[in-house]
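# A structural walkthrough
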Amino acid sequence: TYTANFTTQYFLTLNAGTGGTLLSAGGWCNSGVATQIAVAANAGFTFTSWTGSGAGAYTGANNPATVTMNGPVTETATFTPILPPIISRSPSLLNNAVTQGQNAGTQTIQIWNSGSTTLSYSIQTNVPWLSVSPLASTSAGGTNTHSVTYSTTGLITGTYNATITITCTNASNSPQSIPVSLTVSPPASNPTPPTITTACPLPNGAVGLSYNTILAVSGGTTPYSWSLSSGNLPPGLNLNSSAEIGR
(Lines give C-alpha, C1' and ligand atoms only; values in the text may rest on other atoms or scores of the structure.)
Protein backbone atom coordinates (compact mmCIF):
# COMPACT_ATOMS: atom_id res chain seq x y z
CA THR A 1 0.00 0.00 0.00
CA TYR A 2 1.39 3.36 -0.93
CA THR A 3 0.21 6.68 0.43
CA ALA A 4 0.97 9.87 -1.48
CA ASN A 5 1.43 13.08 0.55
CA PHE A 6 1.22 16.47 -1.10
CA THR A 7 2.44 19.87 0.03
CA THR A 8 1.05 23.14 -1.25
CA GLN A 9 3.57 25.19 -3.11
CA TYR A 10 3.58 28.77 -4.37
CA PHE A 11 5.68 30.35 -7.06
CA LEU A 12 8.32 32.96 -6.15
CA THR A 13 9.12 35.41 -8.94
CA LEU A 14 12.30 37.50 -8.58
CA ASN A 15 13.27 40.47 -10.75
CA ALA A 16 16.39 42.63 -10.68
CA GLY A 17 16.03 46.15 -12.10
CA THR A 18 18.65 47.98 -14.14
CA GLY A 19 22.00 47.98 -12.36
CA GLY A 20 21.68 44.73 -10.39
CA THR A 21 22.05 40.95 -10.51
CA LEU A 22 20.00 38.27 -8.78
CA LEU A 23 21.87 36.11 -6.28
CA SER A 24 18.79 34.00 -5.43
CA ALA A 25 16.70 31.84 -7.71
CA GLY A 26 12.94 32.04 -7.76
CA GLY A 27 10.68 29.11 -8.45
CA TRP A 28 8.29 26.83 -6.54
CA CYS A 29 8.49 27.02 -2.74
CA ASN A 30 6.61 25.13 -0.06
CA SER A 31 3.77 26.99 1.60
CA GLY A 32 4.74 28.84 4.78
CA VAL A 33 8.47 28.47 4.23
CA ALA A 34 10.72 31.50 4.93
CA THR A 35 12.85 32.01 1.85
CA GLN A 36 15.87 34.31 1.59
CA ILE A 37 16.24 36.59 -1.40
CA ALA A 38 19.36 38.57 -2.34
CA VAL A 39 20.79 40.70 -5.11
CA ALA A 40 24.10 42.41 -5.90
CA ALA A 41 24.55 45.90 -7.32
CA ASN A 42 26.56 46.17 -10.52
CA ALA A 43 29.50 48.57 -10.84
CA GLY A 44 28.30 52.17 -10.78
CA PHE A 45 25.06 51.35 -8.95
CA THR A 46 23.86 50.88 -5.39
CA PHE A 47 20.97 48.73 -4.12
CA THR A 48 17.89 50.77 -3.22
CA SER A 49 15.06 48.47 -2.11
CA TRP A 50 12.76 45.49 -2.71
CA THR A 51 9.16 45.97 -3.76
CA GLY A 52 7.03 42.90 -3.10
CA SER A 53 3.48 41.76 -3.74
CA GLY A 54 1.57 38.73 -2.56
CA ALA A 55 0.93 37.09 0.83
CA GLY A 56 4.18 37.07 2.83
CA ALA A 57 6.03 39.41 0.42
CA TYR A 58 8.71 41.83 1.63
CA THR A 59 9.06 45.54 0.81
CA GLY A 60 12.03 47.43 2.19
CA ALA A 61 15.75 48.13 2.03
CA ASN A 62 17.18 44.93 3.56
CA ASN A 63 19.47 42.87 1.38
CA PRO A 64 19.36 39.96 1.80
CA ALA A 65 15.72 39.87 2.86
CA THR A 66 13.23 37.13 3.76
CA VAL A 67 9.80 36.34 2.31
CA THR A 68 7.26 33.90 3.74
CA MET A 69 5.52 31.90 1.05
CA ASN A 70 1.88 32.23 2.07
CA GLY A 71 0.87 32.65 -1.54
CA PRO A 72 2.41 33.51 -4.88
CA VAL A 73 5.04 36.23 -4.31
CA THR A 74 6.71 38.63 -6.72
CA GLU A 75 9.76 40.64 -5.65
CA THR A 76 11.54 43.33 -7.66
CA ALA A 77 14.86 44.87 -6.65
CA THR A 78 15.65 48.46 -7.67
CA PHE A 79 19.05 50.13 -7.97
CA THR A 80 20.26 53.74 -8.11
CA PRO A 81 23.17 54.95 -10.27
CA ILE A 82 26.16 56.24 -8.28
CA LEU A 83 26.77 59.78 -9.52
CA PRO A 84 30.35 61.07 -9.70
CA PRO A 85 31.42 64.08 -7.61
CA ILE A 86 30.79 67.53 -9.08
CA ILE A 87 33.06 70.52 -8.42
CA SER A 88 31.17 73.62 -7.27
CA ARG A 89 32.92 76.88 -6.45
CA SER A 90 32.17 80.44 -5.42
CA PRO A 91 32.71 83.13 -6.47
CA SER A 92 32.96 82.54 -10.19
CA LEU A 93 35.65 85.24 -10.49
CA LEU A 94 37.83 87.46 -8.28
CA ASN A 95 38.61 91.16 -8.68
CA ASN A 96 41.19 92.97 -6.57
CA ALA A 97 43.03 96.29 -6.61
CA VAL A 98 46.18 97.59 -4.94
CA THR A 99 48.48 100.61 -4.90
CA GLN A 100 51.91 99.96 -6.42
CA GLY A 101 54.41 98.81 -3.82
CA GLN A 102 51.84 97.11 -1.58
CA ASN A 103 50.32 93.63 -1.27
CA ALA A 104 46.68 93.33 -2.32
CA GLY A 105 44.25 92.26 0.38
CA THR A 106 43.56 88.57 1.06
CA GLN A 107 40.36 87.09 -0.39
CA THR A 108 38.58 83.72 -0.03
CA ILE A 109 36.98 81.13 -2.28
CA GLN A 110 34.57 78.31 -1.35
CA ILE A 111 34.62 74.81 -2.88
CA TRP A 112 32.16 71.96 -2.30
CA ASN A 113 30.85 68.74 -3.83
CA SER A 114 27.38 68.97 -5.37
CA GLY A 115 27.48 65.38 -6.64
CA SER A 116 27.82 61.98 -4.95
CA THR A 117 30.65 60.09 -3.24
CA THR A 118 33.67 62.15 -2.13
CA LEU A 119 35.32 64.98 -4.01
CA SER A 120 39.12 64.89 -3.63
CA TYR A 121 40.54 67.94 -5.34
CA SER A 122 43.69 69.99 -5.79
CA ILE A 123 44.21 73.68 -6.61
CA GLN A 124 46.80 75.39 -8.80
CA THR A 125 47.57 78.98 -9.79
CA ASN A 126 49.40 80.09 -12.93
CA VAL A 127 51.29 83.18 -11.71
CA PRO A 128 53.89 83.60 -8.94
CA TRP A 129 52.13 86.56 -7.27
CA LEU A 130 48.98 84.55 -6.49
CA SER A 131 48.66 81.67 -3.99
CA VAL A 132 45.86 79.61 -2.43
CA SER A 133 45.82 77.81 0.91
CA PRO A 134 45.25 74.96 1.46
CA LEU A 135 46.10 73.59 -1.97
CA ALA A 136 44.06 70.37 -1.61
CA SER A 137 41.07 69.06 0.33
CA THR A 138 38.03 66.74 0.20
CA SER A 139 34.29 67.27 0.35
CA ALA A 140 31.38 64.88 0.77
CA GLY A 141 29.01 67.83 0.46
CA GLY A 142 30.35 70.31 3.01
CA THR A 143 31.84 73.65 1.95
CA ASN A 144 35.58 74.30 2.27
CA THR A 145 37.00 77.83 2.48
CA HIS A 146 40.41 78.62 0.96
CA SER A 147 42.46 81.80 1.41
CA VAL A 148 43.70 83.62 -1.68
CA THR A 149 46.78 85.76 -0.99
CA TYR A 150 48.63 88.24 -3.19
CA SER A 151 52.37 89.01 -3.30
CA THR A 152 52.21 92.16 -5.38
CA THR A 153 54.85 94.52 -3.97
CA GLY A 154 57.05 94.03 -7.05
CA LEU A 155 54.37 94.61 -9.69
CA ILE A 156 54.36 97.80 -11.72
CA THR A 157 51.26 99.81 -12.58
CA GLY A 158 48.82 97.93 -14.82
CA THR A 159 46.15 95.23 -15.03
CA TYR A 160 47.08 91.60 -14.38
CA ASN A 161 45.11 88.40 -15.03
CA ALA A 162 45.51 84.97 -13.48
CA THR A 163 43.59 81.71 -13.09
CA ILE A 164 42.85 79.46 -10.12
CA THR A 165 42.29 75.89 -11.38
CA ILE A 166 40.47 73.19 -9.37
CA THR A 167 41.02 69.58 -10.46
CA CYS A 168 39.52 66.23 -9.41
CA THR A 169 40.30 63.11 -11.43
CA ASN A 170 36.85 61.48 -11.03
CA ALA A 171 34.64 64.59 -11.02
CA SER A 172 32.24 64.88 -13.94
CA ASN A 173 33.12 68.53 -14.57
CA SER A 174 36.86 68.69 -13.85
CA PRO A 175 38.68 71.01 -14.18
CA GLN A 176 36.94 74.17 -12.97
CA SER A 177 38.55 77.61 -12.95
CA ILE A 178 38.20 80.98 -11.24
CA PRO A 179 39.57 83.94 -13.24
CA VAL A 180 41.42 86.59 -11.21
CA SER A 181 41.78 90.23 -12.25
CA LEU A 182 44.18 92.56 -10.41
CA THR A 183 44.60 96.30 -10.95
CA VAL A 184 47.81 97.96 -9.72
CA SER A 185 47.47 101.75 -9.38
CA PRO A 186 50.33 104.25 -9.18
CA PRO A 187 51.17 105.55 -5.72
CA ALA A 188 49.70 108.89 -4.70
CA SER A 189 52.00 111.80 -5.56
CA ASN A 190 53.69 113.52 -2.62
CA PRO A 191 52.16 116.94 -1.84
CA THR A 192 54.29 120.08 -2.01
CA PRO A 193 55.91 120.65 1.39
CA PRO A 194 54.25 123.47 3.37
CA THR A 195 55.96 126.88 3.25
CA ILE A 196 55.42 129.71 5.75
CA THR A 197 54.63 132.80 3.67
CA THR A 198 54.43 135.36 6.49
CA ALA A 199 57.07 138.06 6.03
CA CYS A 200 60.04 137.92 8.34
CA PRO A 201 60.71 139.60 10.65
CA LEU A 202 57.26 139.76 12.24
CA PRO A 203 55.66 143.15 12.95
CA ASN A 204 57.10 144.97 15.96
CA GLY A 205 55.18 145.17 19.18
CA ALA A 206 54.74 148.14 21.50
CA VAL A 207 55.16 148.28 25.25
CA GLY A 208 51.83 148.26 27.02
CA LEU A 209 49.80 147.18 23.94
CA SER A 210 48.44 143.74 23.11
CA TYR A 211 50.28 141.93 20.36
CA ASN A 212 48.58 139.67 17.81
CA THR A 213 49.62 138.28 14.44
CA ILE A 214 48.64 135.19 12.42
CA LEU A 215 51.14 133.16 10.43
CA ALA A 216 50.30 132.24 6.82
CA VAL A 217 51.27 129.05 4.98
CA SER A 218 50.92 127.53 1.49
CA GLY A 219 51.32 124.00 0.15
CA GLY A 220 51.26 120.84 2.22
CA THR A 221 48.08 119.12 3.35
CA THR A 222 45.53 120.59 5.75
CA PRO A 223 44.88 120.65 8.60
CA TYR A 224 48.22 122.14 9.66
CA SER A 225 49.81 121.56 13.05
CA TRP A 226 51.92 124.40 14.50
CA SER A 227 54.73 124.29 17.04
CA LEU A 228 58.05 125.99 17.76
CA SER A 229 60.94 124.10 16.18
CA SER A 230 63.57 126.03 18.16
CA GLY A 231 64.00 129.11 20.33
CA ASN A 232 61.40 130.86 22.48
CA LEU A 233 58.85 133.58 22.02
CA PRO A 234 59.17 136.80 24.05
CA PRO A 235 57.73 136.54 27.54
CA GLY A 236 53.92 136.62 27.52
CA LEU A 237 53.49 135.51 23.89
CA ASN A 238 52.27 132.08 22.78
CA LEU A 239 51.76 130.20 19.49
CA ASN A 240 48.40 128.42 19.36
CA SER A 241 47.11 125.66 17.03
CA SER A 242 45.53 128.23 14.71
CA ALA A 243 48.95 129.79 13.89
CA GLU A 244 48.17 132.84 16.01
CA ILE A 245 50.91 134.52 18.02
CA GLY A 246 49.55 136.65 20.80
CA ARG A 247 48.94 137.04 24.47
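In the block above lies the structure referred to throughout.
To keep things clear, this report deals only with the structure shown in the data block. Model, not experiment: these values are computed from the prediction. (Residues numbered from 1 in each chain as written. Predicted model: local features only at pLDDT ≥ 70, side-chain atom pairs only at ≥ 80, totals over all residues. Heavy atoms only, no water.)

## Brief notes about the sheet that holds strand β21 (residues 238–239)
Read across the open sheet, the 3 strands follow the order β19-β22-β21; overall the sheet is antiparallel. Where the open sheet ends on each side, the last strands, each with one partner, are β19 (212–214) and β21. Sheet topology places β19 next to strand β22 (residues 244–246); 3 bridges connect them, and they run antiparallel. Each bridged residue has a counterpart across the sheet, and for isoleucine 214 the counterpart in β22 is glutamate 244. (Pairing = 2+ DSSP bridges. Helix = DSSP H or I, 4+ residues; strand = E, 2+ residues; numbered from the N terminus.)

## Brief notes about the sheet that holds strand β16 (residues 158–167)
Read from one edge of the open sheet, 5 strands run β10-β17-β16-β12-β14, paired in mixed fashion. The open sheet has two edge strands, β10 (94–99) and β14 (136–139), and neither has a second partner. Neighbour-to-neighbour, the strand axes of this sheet turn through a mean angle of 25°, independent of strand direction. With 6 bridges connecting them, β10 and strand β17 (residues 176–185) associate as parallel partners. Bridge pairing in β17 links valine 98 to valine 184. (Axes fitted to C-alpha atoms, helices over the stretch in contact; angles between N-to-C directions.)

## What to know about the side chain of threonine 152
The topology assignment puts threonine 152 in the loop between β15 (144–150) and β16. Residue classification places threonine 152 among the buried positions, given a relative accessible area of 0%. (Buried < 20%, exposed > 50% of the residue type's maximum accessible area, 1.4 Å probe, protein only.)

## What about the side chain of threonine 35?
Position of threonine 35 relative to the elements: it lies in strand β4 (residues 34–37). Setting aside residues no more than four positions away along its own chain, threonine 35 makes contact with Leu12, Cys29, Ala65, Thr66, Val67 and Met69. (Contact = heavy atoms within 4.5 Å.)

## Some details on the nonpolar core
Within the largest apolar cluster, 25 residues are counted, with the highest numbers of intra-cluster contacts made by Leu94, Ile109, Trp129, Leu130, Val148, Tyr150 and Ile164. Among the elements of the structure, β10, β11 (107–113), β12 (119–125), β13 (130–133), β15, β16 and β17 are those that each provide at least two residues to this core. In terms of residues, this core owes the most to one element, β17, which gives 4 residues. What isoleucine 164 contacts, discounting residues up to four positions off in sequence, is Leu94, Ile109, Ile123, Gln124, Thr125, Leu130, Val132, Val148, Gln176, Ser177, Ile178 and Val180. Within the second largest apolar cluster, 14 residues are counted, among which are Leu12, Leu14, Ala65 and Ala77. (Core = buried A, V, L, I, M, F, W, Y, C linked by side-chain atoms within 4.5 Å.)

## So, the environment of glutamate 75
One can find glutamate 75 in strand β8 (residues 73–81). A residue is classified by how much of its surface remains accessible, and glutamate 75, at 0% relative accessible area, is buried. Sequence separation between glutamate 75 and alanine 57 is 18 residues; the distance between their C-alpha atoms is 7.2 Å. For glutamate 75, the residues in contact, after removing those within four places along its chain, are Thr13, Leu14, Asn15, Ile37, Trp50, Thr51, Gly52, Ala57, Tyr58 and Val67. Here tyrosine 58 takes part through its backbone nitrogen, which lies 2.6 Å from a polar atom of the side chain of glutamate 75. (Polar contact = N/O pair within 3.5 Å; in protein donor to acceptor, adjacent residues only side chain to side chain.)

In short, geometric facts, not functional conclusions.
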